[in-house]
Every structure is written in structure tokens, then in C-alpha cells.
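Architecture and fold: a report
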Amino acid sequence: MSKQCLEKVALITGSREGIGYQTALQLASKMWTILIADKYELEDTKHEIITRTANCKIFTYYLDLGCFSSVRTFANSIKKEHKKIDVLINNAGIFKALEETTVDNLNPIWQINHLGPFLLTVLLADLLKRAAPSRVIFMASSGAFFHTLDRNTIPDLRSRDASNILEPARTYYNSKLYNMIVCKELSQKMGKHNVTSNCLHPGMTNSGLLLNGFNLQCFRPIAHKLVSLFTQDTEKSAQMVSFLATSQVVAQITGQYFVNYQASPYPKILEDEQFCKRVWKQAEELVNLTTEENLWEDC
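Residues numbered from 1 in each chain as written. Predicted model: local features only at pLDDT ≥ 70, side-chain atom pairs only at ≥ 80, totals over all residues. Heavy atoms only, no water.

A word on the packing of aromatic side chains. Scanning all chains against the criterion turns up nine aromatic pairs. Ring geometry for F145 against Y257: centres 6.1 Å apart, planes inclined by 45°, an arrangement best described as tilted. Taken together, the residues span a long stretch of sequence, with F145 in the loop between β5 (134-139) and α7 (167-189) and Y257 in strand β7 (residues 257-259) at a distance of 112 residues. Judged by its relative accessible area of 42%, F145 is partly exposed. With centroids separated by 6.0 Å and ring planes inclined at 45°, the aromatic side chains of F146 and Y173 adopt a geometry described as tilted. Here F146 is found in the loop between β5 and α7, whereas its partner Y173 is found in helix α7, with 27 residues between them in sequence. Among the residues examined, F146 registers a relative accessible area of 60% and is labelled exposed. What links up through ring pairs into an aromatic cluster is the set F95, F146, Y172 and Y173. Over the face of the ring belonging to Y40 we find R16, whose NZ or CZ atom lies 4.7 Å from the ring centre. (Phe/Tyr/Trp six-rings, centres within 6.5 Å; stacked < 30°, edge-to-face > 60°. Helix = DSSP H or I, 4+ residues; strand = E, 2+ residues; numbered from the N terminus. Buried < 20%, exposed > 50% of the residue type's maximum accessible area, 1.4 Å probe, protein only. Lys NZ or Arg CZ within 6 Å of the ring centre and 35° of its normal.)

Here it is as C-alpha cells:
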């Protein structure tokens, strides 16, 4: 077996800061090849990781999960430049959005948190299969238990009620529930390919997502101190992501939701298999997934 095949490759979305950056740092310290992807400039992040870990195998990519053409362009670049992906970490997400809709005419929170990662994971299926045993990790949230979804109704992911101050939180929690559904469905689809799919709640974290989500940047220094009283730092949160990415303890575990390093129950609505399959089908339709792109079709 070649050295290239033995080297581990991790792809992490939303890697410029926060949990994504700390996860990249921790895996880079193990001398993995790290592919960091974000819609913001990553060169400084790359150089900082190299300086702190002495690992030069850090590659940067532009990725806008709020644009399906960007996801497809990114996935094509990855497939051209890399032979496999051992771990795909769907970390990127937003709590609120300034724009009313994305370029694809969808609610930004739904597209960036749910549909973009869904499309990316499906498009990279071949590289995950090639690396098997490999892993997919979704960043979920305990907030999913506060979802407002009815199992008899699939919500319109295009709509947005900007006048409702509770809308961002409600949509965020619902999108995190959908992350859990995709994670669980994916674990069933790729089981025979020896690719696991798990999700996690990283804990309440003192990150940009929380501060920006609640408009605390106007008094950021004070906000950081207040938030730090009831949250943990991003390094500690990233340790659980790294655990799911590397530990042999979870190597054969799939389709689970992790909290504090332990598999935990999902929200009860995930027991409805028909609802979950409708969520998956809706995602396929909204991202305009073609037969050629649907690389789990043979599962």
C-alpha cells in the first residue's frame, strides 16, 4: 500500500475560525492532510496552522454553501486534486442571515446549514467510498429538540419571515434537526460501503456563531466575558469533533447523535421513517440532484 493511501485526509467546512479552525488544528497536529474550505480568505489560517503544527499539508478552498454552483465547483476541484477523503466534517453553519434569499432563491439558513452540506456530501460520495473505512460528521445541536416541525408537513425552505424576531432561532433549530435526519438516512445508505455517518452537539461554545447570532458584536469585549461564563471554548468543543473523526472507539458506530462523547437519543420525530425519507427527497429536489450526481443511488 502506498504512503499516499495510508495518509489520512480530512475536509472541514467553515474552517476560518471557531470549532472548524480548532478541529483543523488538532487533526493537522496528527500530520493529516487537511482541506479547509470557507467563503472567506483562508491564507492566514493556513499559515497559522502550518506554523503551529509544522504540517505543510494544508490546502485551502473557496466554498459558499449558500450557492449550489459553488458547491458543485468546489466538489469537482476536490475530486480532481485528491484521490480520497477519510473524514468529511460538515461544520459550517449560520444562526442568522442578512440577505432575504440566496442566489438559488432559498432561505439562507436552510441552504447553508442543510441543503449545501447535503449536496456536498452526496457529491463527494466516491472519494469517501475510496477511503473506506471513512467517516462523515455533521455539526448538529441540542437546539434541534426545540424544533417546530410537524411530521405531517414538510416546510417550504424558500420562505422567510424577516418580521418575526424569533424566525432565525426557529429556522436554525429546524435546520439542525434536518442535519440529524440526513445523518441518520446517510448512515443507512452507505452502510455497505463501510462509511459511517454521525452527528454531534459540541456543547454551548464561545464562538462567532453565538455572538453574531445574537447581535452581540456591538459590545463584543463585554459579550465575550458574559458568554464565557456559560460556554466552553472552541478548542474543547473541537476535541469532540476530533474524537468522532479519529477514535477507534467509534470506528464502527454509525447513525448516532453524540453528546459529551456518548451516543444520545434523537428527537422523537426521527422515529417517523416516512417523514425522514420525505426530508431526504425534498433535499434531492431542491438541490436539483441529477442521476449522475447521486452516487449513493446503488445503495
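In this section: the sheet that holds strand β8 (residues 262-264). Reading across from one edge, β3-β2-β1-β4-β5-β6-β7-β8 is the order of the eight strands in this open sheet, with mixed pairing throughout. Looking at which strands have only one partner, the edges of the open sheet turn out to be β3 (58-62) and β8. Each strand of the sheet is rotated relative to its neighbour by a mean of 25°, with strand direction disregarded. Both strand β1 (residues 9-13) and strand β2 (residues 33-38) contribute to a ladder of five bridges, which runs parallel. Paired with T13 across the bridge in β2 is A37. In the packing of helix α4 (residues 68-81) onto the sheet, contacts are made with β1, β2 and β3, and the angle to β3 comes to roughly 150°. α7 contacts β5, β6 (195-201) and β7 of the sheet and is inclined by roughly 165° relative to β5. (Pairing = 2+ DSSP bridges. Axes fitted to C-alpha atoms, helices over the stretch in contact; angles between N-to-C directions. Contact = heavy atoms within 4.5 Å.)

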